[in-house]
Each structure stands twice: as structure tokens, then as C-alpha cells.
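Coordinates in review
Letter by letter, the chains look like this.
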Amino acid sequence: MKAISIGLLGLGTVGSGVVQIIESHQDKLMHQVGCSISIKKILVNDMTKERLVAVDKGMLTDNPEDILSNPEIDVVIEVMGGIEETRGYLMEAIKNKKHIVTANKDLMALYGPELLELATENQCDLFYEASVAGGIPILRGLVDGLSSDRITKMMGIVNGTTNFILTKMSKEGRAYDDVLKEAQELGFAEADPTADVGGLDAARKMAILSTLGFSMNIGLNDVEVQGITEISEEDLRYSKKLGYTMKLIGVASRAGDRVEVSVQPALLPEAHPLASVNNEYNAVYVYGEAVGETMFYGPGAGSLPTATAVVSDMVTVIKNMRLGVNGRSAVSPQFRNN
Ligand code: NAP
Ligand code: HSE
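Below is a short write-up of the structure.

The rules behind these values
- Sequence order as written defines the numbering, with residues in each chain counted from 1.
- Both sets of labels track the order of writing: A upward for chains, 1 upward for ligands.
- Only residues with pLDDT of at least 70 get local features here, since the model is predicted, and only at 80 or more are side-chain atom pairs given and counted; chain-wide, interface and lining totals rely on the full set of residues.
- The side-chain numbers reported here are obtained from all heavy atoms of the structure, hydrogens and water having been left aside.
- Buried residues are those whose accessible area, probed at 1.4 Å on protein chains only, stays under 20% of the maximum for their type, while exposed residues exceed 50% and partly exposed ones sit between those limits.
- Helical segments are the DSSP runs of H or I of at least four residues, strand segments are the runs of E of at least two, and each set is numbered from the N terminus.
- To obtain the arc, one takes the directions from the helix axis to the C-beta atoms.
- Residues are treated as being in contact if the distance between any of their heavy atoms lies within 4.5 Å.
- By definition, a salt bridge exists where a carboxyl oxygen of Asp or Glu is found within 4 Å of a side-chain nitrogen of Lys or Arg.
- For Phe, Tyr and Trp, rings pair up if their centres lie within 6.5 Å, where Trp contributes its six-membered ring, and each pair is then called stacked (planes under 30 degrees apart), edge-to-face (over 60) or tilted (otherwise).
- In this scheme, Lys NZ or Arg CZ marks a charge over a ring once it lies within 6 Å of the ring centre and within 35 degrees of the ring normal.
- The criterion is simple. A nonpolar core is a set of buried Ala, Val, Leu, Ile, Met, Phe, Trp, Tyr and Cys residues joined through side-chain atoms within 4.5 Å.
- Strands are treated as partners if at least two bridges between them are detected by DSSP.
- Note on definitions: angles span 0 to 180 degrees between N-to-C directions of axes, and those axes are lines fitted to C-alpha atoms, for helices only across the stretch in contact.
- Orientation is classified from the angle alone, with under 35 degrees giving roughly parallel, over 145 giving roughly antiparallel, 65 to 115 giving roughly perpendicular, and any other angle giving oblique.
- Working rule for handedness: look at the near helix, and if it is turned counterclockwise from the far one by less than a right angle, call the crossing left-handed; if clockwise, right-handed.
- Ten residues, namely Ala, Val, Leu, Ile, Met, Phe, Trp, Tyr, Cys and Pro, are considered nonpolar, four, namely Asp, Glu, Lys and Arg, are considered charged, and the remaining ones, Gly among them, are considered polar.
- Charge counting treats Lys and Arg as positive and Asp and Glu as negative, with His and both chain ends excluded.
- In protein, a polar contact means a hydrogen-donor-capable atom and an acceptor-capable atom, both N or O and within 3.5 Å, with residues adjacent in sequence counting only if both atoms are side-chain atoms; elsewhere, any N or O pair within 3.5 Å suffices.
- Distances are taken per atom, and a residue is near a molecule or strand as soon as one of its heavy atoms is within 4 Å of it.
- Only the protein chains shown count as cover for residues, and all accessible areas are computed by the Shrake-Rupley method using a 1.4 Å probe.

Among the residues making up helix α8 (residues 176–185), those that are buried are Tyr176, Val179, Leu180 and Ala183. Mapping the buried residues of α8 onto a view down its axis gives an arc of 105°, with all of them on the same face. Seen from the open side of α8, the exposed residues pointing more than 90 degrees away from its buried face are Asp177, Lys181 and Glu185. Of the surrounding secondary structure, the elements contacted by the buried residues of α8 are α7 (160–172), α9 (194–197) and α11 (233–241).

In the structure shown here, the tally under the stated rule is 15 salt bridges. Of the charged contacts in the structure, one is a salt bridge between glutamate 172 and lysine 168, with a shortest N-O distance of 3.2 Å. Pair noted here: glutamate 172 and lysine 168 are both in helix α7, with a separation of 4 residues, about one helical turn. For lysine 168, a relative accessible area of 13% puts it in the buried group. A salt bridge links glutamate 182 to arginine 174, with the nearest nitrogen and oxygen atoms 2.7 Å apart. Taken together, the salt bridges that share partners define one network made up of Lys168, Glu172, Arg174, Asp178 and Glu182.

The full count for this structure, using the stated rule, is 3 aromatic pairs. Ring geometry for tyrosine 281 versus tyrosine 297: centroids 5.3 Å apart, planes at 25°, classification stacked. Of this pair, tyrosine 281 sits in strand β11 (residues 281–288) while tyrosine 297 sits in strand β12 (residues 292–299), and the two are 16 residues apart along the sequence. Judged by relative accessible area, which is 29%, tyrosine 281 ranks as partly exposed. Between tyrosine 285 and tyrosine 287, the ring centres sit 6.1 Å apart and the planes meet at 25°, which makes this aromatic pair stacked. What makes tyrosine 285 buried here is its relative accessible area of 6%. For arginine 87, the ring lying beneath its charged end belongs to tyrosine 111, and the centroid distance is 4.2 Å. Sitting over the ring of phenylalanine 127, arginine 140 keeps its end group 5.1 Å from the ring centre.

Turning our eyes to something else, we now look at the nonpolar core. Membership of the largest hydrophobic core comes to 66 residues, with the highest contact counts inside it found for Leu126, Ile138, Leu209 and Val286. Once residues within four sequence positions are removed from consideration, valine 286 is found in contact with Ile138, Leu142, Leu146, Ile151, Lys153, Met154, Gly292, Glu293, Thr294 and Phe296. Core analysis: the second largest hydrophobic core is formed by 35 residues, Val18, Ile39, Met59 and Ile77 among them.

Moving on, we get to the sheet that holds strand β3 (residues 60–61). Here 6 strands make up an open sheet; going across it, the order is β3-β2-β1-β4-β5-β6 and the pairing parallel. Taken across any chain shown, the strands that pair with only one partner, and hence form the sheet edges, are β3 and β6 (126–127). Pairing analysis gives 2 bridges linking strand β5 (residues 99–102) to β6, with the strands arranged parallel. Across the sheet, residue valine 101 finds its bridge partner in β6, namely phenylalanine 127. Along the sheet face, helix α1 (residues 13–24) touches β1 (4–9), β2 (37–43) and β4 (75–78) and points at about 160° away from the line of β2.

So, about the packing of α1 against helix α12 (residues 303–323). Packing of α1 against α12 leaves a shortest axis separation of 8 Å and a crossing angle of 60°. Here α1 is positioned oblique relative to α12, judged by the angle of their axes. Between α1 and α12 lies a crossing of right-handed hand. Residues Thr13, Val14, Ser16, Gly17, Val18, Gln20, Ile21 and Ile22 of α1 form the contact with α12, whose participating residues are Ser303, Leu304, Thr306, Ala307, Thr308, Val310, Val311 and Met314. Residue composition of the contact of α1 with α12, by class: 9 nonpolar, 7 polar and no charged.

Secondary-structure assignment places arginine 254 in strand β9 (residues 244–255). Glutamate 289 provides the closest opposite charge to the buried, salt-bridge-free arginine 254, at an N-O distance of 6.8 Å. A polar contact of 3.3 Å, which involves the side chain of arginine 254, links it to the backbone oxygen of phenylalanine 214. What arginine 254 contacts, discounting residues up to four positions off in sequence, is Arg150, Ile151, Thr152, Gly213, Phe214, Met216 and Val259.

With that out of the way, let us pick up the site of ligand 1. Around ligand 1, 24 residues are found, and the nearest of them are Asp46, Arg51, Gly187, Glu190 and Gly302. At 3.1 Å from an oxygen atom of ligand 1 is found a main-chain nitrogen or oxygen belonging to glycine 12. Coverage of ligand 1 by the protein chains reaches 84% of its 900 Å² of free accessible surface. Classifying every residue of the shell around ligand 1 gives 9 nonpolar, 9 polar and 6 charged.

Before going further, it helps to spend a moment on unusual backbone geometry. In this model, glutamine 123 sits at a positive phi of 55°, which is unusual for a non-glycine residue. In this fold, glutamine 123 is placed in the loop between α5 (105–121) and β6. Unusually for a residue other than glycine, alanine 133 sits at a positive phi of about 60°. Summarising the element assignment, alanine 133 is placed in the loop between β6 and α6 (138–145). Given the relative accessible area of 0%, alanine 133 is considered buried.

So this is what it looks like as C-alpha cells:
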């Protein structure tokens, strides 16, 4: 098979991790897909900015067309964030028969069904494992690993930034603003962290999880949301004294045809397994009628953990290219209408 060319949209926290993994794992990747993989072009905003990874300056561009309509590029990896403009870019790329990998939950929670439909019409793959819970392969866990079961409930911590903030505030007595700043510096927080602390980021992830887990379209409007902005240092001190730990918890459950999805801060007894999920780590319980209780745990944000999920999706796209099954793969975590 010919060498595969990648166009990368974004070279920030996640994009830098993607470059690092593709470069440093080249032998393993080649062994898996049977051909070499190279990043051809990288879209950025600011061509002069210092980068977290060394890249050939000639690869950088601020013209999206160098990727979206470049006939040499097979796979577009979107790690730039944003919604409307990004949706337009991905639609153009798909119409130009490019496969897509994205980490963008904002986009997928809003336009996932439409983009997936367009991808299928164009025999293109669109994978988005990194959009929920960073490095944890939760979407594949639901769609492949638990495909034979009927999921009844999912519950867990799906935002790394808020978990980092609550952990540092309660364990180290640090101030909210100070810890939020550190989460931003470490690359966990969104460009605008209001979505993290207000619970919207977790709500987007719960919408994606429940859509896949329950096989029905759950939109953002179906999710009840409360973030951590109202929680004070005093609240955390008192809860600790009483033997409880505060966590931002997402819950999606169904009984018959009725589905409820919410995100809110909750007090957990210290012995509860989710109470010991700290810092940027995430954990999701999935309950299935046949399997019972399963738990997925791992880093929910950060450069390399998130990039691992992105590059694994890329590997699946290339394997599908070899098999000629792009856009109709049984393992594709599709949003399903019913
Ligand atoms: P980031 O550090 O802010 O990086 C964004 C990159 O995209 C930057 O390189 C920026 O260019 C470029 N970019 C943004 N808008 C652009 C535009 N309109 N045109 C051209 N280039 C543009 O963001 P990130 O943390 O890597 O996150 C990227 C995506 O991954 C987001 O959808 C986020 O929700 C998702 N995600 C992030 C994490 C995480 O831990 N950070 C985890 C899971 C998912 P410049 O560098 O020139 O400014
Ligand atoms: N801002 C997100 C978080 C990044 O903190 O969980 C991972 O999706």
C-alpha cells in the first residue's frame, strides 16, 4: 500500500502529542498498517509561534485549503477545536474524500449525526475516540466491547480540568483561580475554560456517551447541567471533615424508553471508588444488563494521553483503507438514529 499522508488541523496541546506519537512510534505503526505514515501539512493560526514539538517550518500553513483540497492528503486529523468554522472544514474535507479523526466533543455533540451521515455517503471514516475521556478507549469499549449487551446506566468523571481543580482544592487547600490557571498551563482546560468549569464540556461528553450507549440521539438540550463554579473552598473543607469528597459527576440512565442525563457536583463517601479518581484522571462506570458493572479508568486530558486515542483512530482508518471498508466499518462508533 502507498504511504499515507496526514493533514493535521491544529498544533497545540493535542496536535503536538499527535506529531510526537506518529514520529516516535513509526516502526510500530508501520507494522500495524503495513505502510509508512507521514504528516504532510499542519494548519495553525500563528505561523510565527514557538511550538511544543520540532516540525519542519515548511509543513506549517495558515491556509486550510493546503489540507482540505490537497489531493495528496488521505486523512485529516482535526485537533484545532471550535465549532462552526471547523464543521465547514470537515464537511469540505469529507466531500473531498478524506477520512477524518477528531478530538472535538463540542463539534460532535452538536453536529455528530450530520457529519457521520456525510462521511458515510462519501465512503469516509469519521472517528472521535479522543472526544470523550481523553486516553480511555471508552467509545470503542461501548461500541465494540459491550456491543452484545443492553447498557442501562453510565456514570462517572468525564472532565479532567474540574477533577484537577477539585482535587487540588480539597487535598492541598489551594485556591480555585490558582488551580484553574495551572490546569490551563498543563493543557487540560479548553481554550475558553468556561465550558469546563460550567459543566458544558462534561455535558457534551455525556451526550456523546449516552447516544452511543443507548443507541438514540441525545442532544445537549437533553442534559441537565450544573458546574463547579458555585463550589467554595469552605464547601470542600466541610465535606472533607464529614468524610465526603466532592466530584463533578455525569450520569446517564434509562428505564424503559425514558432516558435521563445530567452533570452535577456530588458528594461521594470517601470509600466510593470514584472518590479516589484524582487530578486530571477520569473514570466511567458502565452498567449492562448482562455484564453487570464495568469501570473504565485513565487520563482524561493532556497531550500524549489524548493523542494516543487520536492516533489509534488513525490506525483504524488506515486498516479500513486496506480492507476497503471505510465509511461502513462495523466497528465505527456511529451515532445512530432510531
Ligand atoms: P490548543 O492547545 O488550543 O490548540 C489548538 C490548535 O489549533 C493551535 O495550534 C491553534 O493554532 C490551532 N487553531 C485553532 N483555531 C484555528 C483556526 N481557526 N485556524 C487555524 N488554526 C487554528 O487546543 P488543544 O488542547 O490541543 O485541543 C484541541 C481539540 O482537542 C479541542 O477540540 C479540544 O476540546 C480537544 N481535546 C483536548 C484535550 C486536551 O487535553 N487538551 C483532550 C481531549 C480533547 P496556534 O497554535 O497557531 O494558535
Ligand atoms: N478540557 C477537557 C477536560 C479536555 O478537562 O476534560 C479533555 O476533553
